[in-house]
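Structural features, examined
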Amino acid sequence: MNVRYDAAARTDASDVVLAARAGDREAMDELVAEYLPLVYNIVGRALSGHADVDDVVQETMLRVVHGIEGLRDPNRFRSWLVSIAIRQINDRWRARRDGPALLSALGPTAQLEDPAADFVDLTILRLGLADERREVAEASEWLEPADRRLLSIWWLEASGHLTRAELAEALNLSAPHAAVRVQRMKAQLDVSRGIVRALSLSPRCPKLASMIGAWDGRPAALWRKRISRHLRHCSICETTAMRLAPATSLLAGLPLVPLPATTTVHLPAAVGAHTAVSVAASVGHGSGWLARLWKLLLAKPAVALTTTAVVATSGAAVVYEADLPRTRTVSPAPAYVTTPTASASSTSSAPSTASAAPTTSQSNQSGATTAVYGSTVDQADAALSPDQKPGSLPVRPADVAITATGKYEPTQGNANQYVMDHNGDEIRLTGQGYFRFRWQIIYWTGRVGQVAMPTWTGLSGELFHVASGGGKRMNDPTNGATSSGTTGMGSTSTGYDTLPAGAQQMWQNDYFYLDGTVVLHQNQGWPSVSFIIQQTTWQQITADIDTPPDLAANIERYGLVRDTGTDSAPVPQYLTRSDPADPATVPQRSEVEG
């Protein structure tokens, strides 16, 4: 059925989508003219000035025009459009990542950058950005590609061109997951803003100037790491970099970046016409891609475009998240898998035997119920039978090596092992993967008492307590010798270290999964307790927890799987997203939901 679209009588944006879906050519003209700048902003910022921006914009709009008949809910048009752009961007990034052969198949210019099309410069120039707004734009060049693609979406939300619900739906994420991803990206953006500001000082910090003597002036991951490390330890640069206004307030109300030139495209055609169509386009330098886009659109059967579509943007600045959507539901596997499939939800693992607080759940957009991250917190739990085998440990993505900075004792001969012996020691962990937290309690010196539990602060992203192992809970009798009363917490002759009321009993090895950043603090006073932190793998955790009891080898019991493979998995006690002045004051009941 053909719906006659009357622009003058339009009462709602969904009216235009309904008419375009039904074949009205004027409505389709209006949709393309209205949303082409939005797509250009998403793709331009996400691909950072590469010559293939034009191709990705064209392909996105082609898919929109040809796919609109299948769009069931017209109110979802904008998030649907953004999700198409994101998929095309991700396809292009995967092509770059997978090698020259695939890039060559995409075209001769796929690997070339176009300096004249640098989107950061376009944003600054065309929107007249200055001061901290300019710094935000320049900081995007220091982000990892995944964070830059996410920024391209969030910028649009912050500037008022998308809602959070649209952002989450376009990324195929629940609102809490989207919030976590955005928060993690914003933390990296602030680090990059600090770098931009420190480099812009005149005169520069002498130590920084000396350190970057060999730098070629182009943002790169290695130099981001080196400069950010300097900022954390330099009183001059750190003070300067910390005086940052919130990026959200800086971006509020910014317009979209206009298209490369004021463009008028005349598209006389009939709905459903299969005849040739003439296209007269008045375009400026660098805008030939728009004429090519219209030719491609009009060359397809049943594409309804007529009248005069005027795309003359006075514009608005836009940034969009275009990271690969990744489900938080992961499948248990008998063999290690680095990255689970990112499309559909996968099956969760065998039920965990861990004791945890009840979870909070919410309905996602498909109607399914999902747990809210942080709603399950570790709590005091009873010991299971030593002979009870653990379930399968779900596989979570471990794509970014966990790095550590802070105040701790490095382990001689092992660069990836960190010892926290003293009150006030702290370690900032960043990355995506597993790490082991090994407890050492020295009770035989006679210095026993209540353990000051370690605390976790400044969480950006997600942290889960996924398993426990090492062959014993720390209060298990040593070598099964119940008669002597000796455990990992003490003995009858020395006394015993105790835990605060409600604290979960630690194991020799506790295993955690981090996707983001967190700071671990040693708060121990006079009782002698130390921690050893070390990155590990899914295979190593599985080998540990699946080891059967062997009293001769001081292995008292099987390990325990706590991970459910979803956001219902427990988070550790004493965890917060804030940065309190005294880390020891973090409450036992963690509050990091969402």
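Predicted model, so just to flag it, every value in this text is computed and none were measured. (Residues numbered from 1 in each chain as written. Predicted model: local features only at pLDDT ≥ 70, side-chain atom pairs only at ≥ 80, totals over all residues. Heavy atoms only, no water.)

All right, on to the overall build of the protein chain then. The secondary structure content of the protein chain amounts to 16 helices and 15 strands. Expressed as a percentage of the 594 residues in the protein chain, the buried residues total 51%. Residue pairs in contact within the protein chain that sit at least 24 positions apart in sequence constitute 76% of those at least 6 positions apart. Approximately 25,400 Å² of the protein chain is accessible, and the part contributed by carbon and sulfur atoms is 52%. (Helix = DSSP H or I, 4+ residues; strand = E, 2+ residues; numbered from the N terminus. Buried < 20%, exposed > 50% of the residue type's maximum accessible area, 1.4 Å probe, protein only. Contact = heavy atoms within 4.5 Å. Areas by Shrake-Rupley, 256 points an atom, 1.4 Å probe, with all protein chains shown as cover.)

Consecutive residues of a regular strand have side chains that alternate between opposite faces of the sheet. Bridge count between strand S6 (residues 400–407) and strand S9 (residues 426–441): 6 bridges; the pairing is antiparallel. Paired with alanine 404 across the strands is leucine 429, a residue of S9. Pairing of S9 with strand S13 (residues 507–521), which is carried by 13 bridges, proceeds in the antiparallel orientation. If you follow arginine 428 over to S13, its bridge partner there is valine 519. Where S9 and strand S14 (residues 529–536) come together, 8 bridges link them in antiparallel fashion. Paired with arginine 438 across the strands is isoleucine 532, a residue of S14. (Pairing = 2+ DSSP bridges.)

So, about the environment of leucine 251. With respect to the helices and strands, leucine 251 occurs in helix H14 (residues 247–251). Separated by 93 residues in the primary sequence, leucine 251 and alanine 158 place their C-alpha atoms 5.8 Å from one another.

In this model, helix H2 (residues 25–47) (23 residues) spans 31 Å end to end at C-alpha, consistent with the 33 Å of a helix rising 1.5 Å per residue. Along H2, the helix axis deviates most sharply at tyrosine 35, where the bend reaches about 35 degrees; the proline proline 37 sits within four residues downstream. The element H2 is largely enclosed, with a buried count of 19 among its 23 residues. (Expected span 1.5 Å × (residues − 1). Bend = angle between axes of the 7 residues up to and from the residue.)

Right, let's get into the packing of helix H10 (residues 175–200) against helix H12 (residues 221–233). Running from N to C, H10 and H12 cross one another at 80 degrees; their axes reach a closest spacing of 10 Å. Here H12 runs roughly perpendicular to H10, going by the angle between their axes. From H10, Val191, Ser192, Gly194, Ile195, Ala198 and Leu199 reach across to H12, where they touch Arg224, Ile227, Ser228 and Leu231. For the contact of H10 with H12, the per-class residue count stands at 6 nonpolar, 3 polar and 1 charged. (Axes fitted to C-alpha atoms, helices over the stretch in contact; angles between N-to-C directions. Parallel < 35°, antiparallel > 145°, perpendicular 65-115°, else oblique. Nonpolar A, V, L, I, M, F, W, Y, C, P; charged D, E, K, R; others polar.)

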